[in-house]
Amino acid sequence: MTTDPARPFGRVLTAMVTPFAEDGSIDLAGAQELAAHLVDRGAHDGLVVLGTTGEAPTVSDAESRAVLEAVLDAVGDRAVVVAGVGTNDTAHSIDRARDAERLGAHGLLVVTPYYNKPPQAGLLRHFTSVADSTDLPVMLYDIPPRSVVPIEVETLVRAAEHPRIVAVKDAKADLGAVAWTLARTDLAYYSGEDMLNLPLLALGAVGVVSVVGHLVGPRLAELIAAVEAGDLVKAREVNEALLPVYTGIFRTQGVIMVKAALRELGLPAGPVRPPMVDATPEQIAQLRADLASGGVPL
């Protein structure tokens, strides 16, 4: 497995769900099966485990270690495995980062601390403290709809000075800020909002960390290849065909709908954990229609 410095985590990554058994316990065998399916049949360069779609806030540290170890055992020899380790407590995030390094993760996803609403100086200190704690490359996760606080361009410019802060998963929906950050840093950008995959790639993002990648990984690879080839007509065609998939998965929280889709396809997923709730029959019926329109029959 080799990595391109310009794309430190590859091109197509999925923010993988954490499969649970019907009683709510972790399904480690299911996690391995799903990881192998995505990597071997889904055109994935890598996986992000224990992020938002992995329901990280409801997964204990011990469970997180078990899931990460299981996924690494299943696909770590042929895919980049990025561990979500960010919390709203810097010391806790450092502990999780060190656990991930010890288990063999290839990189770290560090989300903006949520709920606390830290100032930009606090964000910079948090990110650099976690990056200082291991030798692993770090992808920052900029998602103001969940963290409230955006990572401002000046903060990203300063964070990029750290040798191990190499990438950003962007779910900020501020294309101007992305353009300025790309102009002023060498950070590798990954689209973290599926509906904006094409515009972010057109601006210079190098790949995606996707939720719909559970279902359409090869088509996301086709989208990225079209942009890289300068064929925006083809890229628009691929993107437009994917719009019903994006819409169907994000009619409510992505993890709810993508787990419903995976269950319908007979792949490991299981229920969501509270405070999430599983899709209703009516939502599943709408999902079937949406995905069928996008070329993904359930």
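Residues numbered from 1 in each chain as written. Predicted model: local features only at pLDDT ≥ 70, side-chain atom pairs only at ≥ 80, totals over all residues. Heavy atoms only, no water.

- Going by the annotation in an unreviewed UniProt entry, the name recorded for the protein is 4-hydroxy-tetrahydrodipicolinate synthase, with Geodermatophilus nigrescens given as the source organism.
- Entered under Sequence similarities (unreviewed entry) in the UniProt record, the comment concerning the protein runs "Belongs to the DapA family."
- Its UniProt record gives the protein the following Function (unreviewed entry) comment, quoted word for word: "Catalyzes the condensation of (S)-aspartate-beta-semialdehyde [(S)-ASA] and pyruvate to 4-hydroxy-tetrahydrodipicolinate (HTPA)." (UniProt positions renumbered as here; feature names shortened; annotations may be inferred.)

## Here we look at the layout of surface pockets
Here is step 1 of the chain: There is about 530 Å³ of room inside the largest pocket.
Here is step 2 of the chain: Residue lining of the largest pocket: 27 residues in total, with G51, T52, A56, P57 and Y114 positioned closest to the centre.
Here is step 3 of the chain: Listed by contribution, the elements that provide at least two residues to the lining of the largest pocket are α3 (90-103), β4 (107-111) and α5 (144-147).
Here is step 4 of the chain: Broken down by element, the residue count for the lining of the largest pocket peaks at three residues, all from β4.
Here is step 5 of the chain: For the lining of the largest pocket, the per-class residue count stands at 14 nonpolar, eight polar and five charged.
Here is step 6 of the chain: Put simply, the second largest pocket is a space of about 420 Å³. (1 Å grid on protein atoms, 1.4 Å probe; cavity = no way out; pocket = protein on both sides within 12 Å on 5 of 7 lines; lining within 4 Å. Points joined across faces, edges and corners; volume = space filled by probe spheres on them. Helix = DSSP H or I, 4+ residues; strand = E, 2+ residues; numbered from the N terminus. Nonpolar A, V, L, I, M, F, W, Y, C, P; charged D, E, K, R; others polar.)

## Some remarks on the environment of A235
Here is step 1 of the chain: Summarising the element assignment, A235 is placed in helix α10 (residues 232-249).
Here is step 2 of the chain: As for A235 and E222, which are separated by 13 residues in sequence, their C-alpha atoms are 8.0 Å apart.
Here is step 3 of the chain: Here A235 is in contact with L198, L223, A226 and V227, once residues within four sequence places are set aside. (Contact = heavy atoms within 4.5 Å.)

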